[in-house]
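Fold and contact review
These are the residues of each chain, in order.
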Amino acid sequence: MQNTLKLFSAGLLAGLVALTAGCGNDTEKRPSGTLISISAQGEASQVPDIADISAGVVTEADESNAAMQANAEQMEKLMKAIKQAGIDKKDVQTSGINLMPRYDYQPNRERQIVGYQARNTVSITVRKLDDLSKVIDALAAEGANQIHGPSFSIDEQEPLLAEAREKALEQAKARAESYAKSLGTKVRRIVSISEGSHGGGMPRPMMRAEMASAKDSASTPIAPGESSVSVNLELVFELEK
């Protein structure tokens, strides 16, 4: 019984020592100097490498079935043109199919349906920007009478985000050093870092075209410009004398 009590006492003492040591470490890690919160933003840009466009077919007829049938026939030609342009199936998605009546509005008369309009639109991602003009021209030549876009973007953004993140961090460090110098202190360490939402820069103007056919003499001019991303950081620095 006495041996058991000694063992228990020794174990309790070891636990108390470990607990005390742990508390000491927490106290050591707890900031003791002045804390300063810094917001910083970094931005990086590059030429975009993909473009999104939408293309559609609008047809009209006296009867709804006729409008849909004509649309389906023209849309089938358009889908073949997309495939021949080298666009992968995963980069083509139907974005809308609509059938709407057309009305004749006359004063003092109840409106009457005079026909129907059918619309089918697909979204297309072009991954070879050198082929973008060719794709747009091919769509128009094969019956697309509505084309919207392009909207340019960057496919793999993480390397660019890493560059923006590094710029934001350097900016925050420089601001913290400036505050420390003004206060007669120095930066001891970074206490915390929080990353906010990523920005994609200002939106680019989108081309909108409604055409019946493409001209053989000219190709659609495209200027991709640059796309940018930004990273917002919130950092807390500890200052000390």
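What you are looking at is a predicted structure, and each value in this text was computed from that prediction instead of being measured. Sequence order as written defines residue numbering, which begins from 1 separately in each chain. Only residues with pLDDT of at least 70 are given local features in this predicted model, and only at 80 or more are side-chain atom pairs given and counted; all residues enter the totals for whole chains, interfaces and linings. The basis for every side-chain value is the complete set of heavy atoms in the structure, and neither hydrogens nor water enter the calculation.

**Overview of the environment of I147**
The condition that has to hold: Put simply, DSSP H or I for four residues or longer makes a helix, DSSP E for two residues or longer makes a strand, and each gets a number counted from the N terminus. For every residue, the accessible area obtained with a 1.4 Å probe (protein chains only) is divided by the maximum for its type, and the residue is called buried under 20%, exposed over 50%, and partly exposed between those limits.
Locating I147 in the fold gives a position in strand β5 (residues 146–153). Here I147 falls in the buried class, since its relative accessible area comes to 0%. Between the C-alpha atom of I147 and that of S54, which follows or precedes it by 93 residues, the distance is 5.7 Å.

**Re the confidence of the model for the chain**
Detailed reading of the predicted coordinates is not advisable wherever pLDDT falls low. To be explicit about the condition: The predictor's confidence in any single residue is recorded as pLDDT, a number from 0 to 100. Whether two residues are in contact is decided by their heavy atoms: any pair within 4.5 Å suffices.
Within the chain, residue pLDDT values average 83, and 79% of them lie at 70 or more. Confidence drops under pLDDT 50 across residues 1–24; counting only partners more than four residues distant or on other chains, this segment forms zero contacts. With pLDDT under 50 throughout, residues 201–216 is counted as low confidence; its partners more than four residues away or in other chains account for 29 contacts.

**Some details on the packing of aromatic side chains**
What counts is decided by this rule: Stacked, tilted and edge-to-face are the three classes assigned to paired rings of Phe, Tyr and Trp, where Trp is represented by its six-membered ring and a pair needs centres within 6.5 Å; plane angles under 30 degrees give stacked, over 60 edge-to-face, the rest tilted. The criterion is that NZ of a Lys, or CZ of an Arg, lies within 6 Å of the ring centre and within 35 degrees of the ring normal, and then a charge sits over that ring.
In this structure the tally under the stated criterion is one aromatic pair. Taking 6.1 Å as the distance between ring centres and 50° as the angle between the ring planes, the aromatic pair formed by Y103 and Y105 counts as tilted. Sitting above the plane of the Y103 ring, R111 keeps its charged end 4.0 Å from the centroid.

**Comments concerning helix α2 (residues 64–84)**
Rule in force here: The span you would expect from a helix comes to 1.5 Å times its residue count less one. As used here, the arc is the angular range of directions from the helix axis to the C-beta atoms.
The end-to-end C-alpha distance of α2 is 30 Å, a good match for the 30 Å that 21 residues give at a rise of 1.5 Å each. Burial in α2 covers these residues: A67, N71, M75, L78, A81 and I82. Around the axis of α2, the buried residues are gathered within 105° of arc, so they sit on the same side. With respect to the buried face of α2, the exposed residues turned more than 90 degrees away are N65, K77, K83 and Q84. Looking one or two residues beyond α2, the residue adopting positive phi is G86, at roughly 90°.

**A few points about helix α4 (residues 158–183)**
Taking 1.5 Å per residue, 26 residues should reach 38 Å; α4 reaches 37 Å between its end C-alpha atoms and fits that length. Those residues of α4 not exposed but buried are L160, L161, A164, A168, A172, A176 and A180.

**Brief notes about unusual backbone geometry**
In this structure, P150 follows G149 across a cis peptide bond, with omega equal to -5°. Secondary-structure assignment places P150 in strand β5. One non-glycine residue with positive phi stands out, namely N108, at about 60°. Looking at the element boundaries, N108 is found in the loop between β3 (92–104) and β4 (112–126). Of the residues examined, N108 reaches a relative accessible area of 85% and is grouped as exposed.

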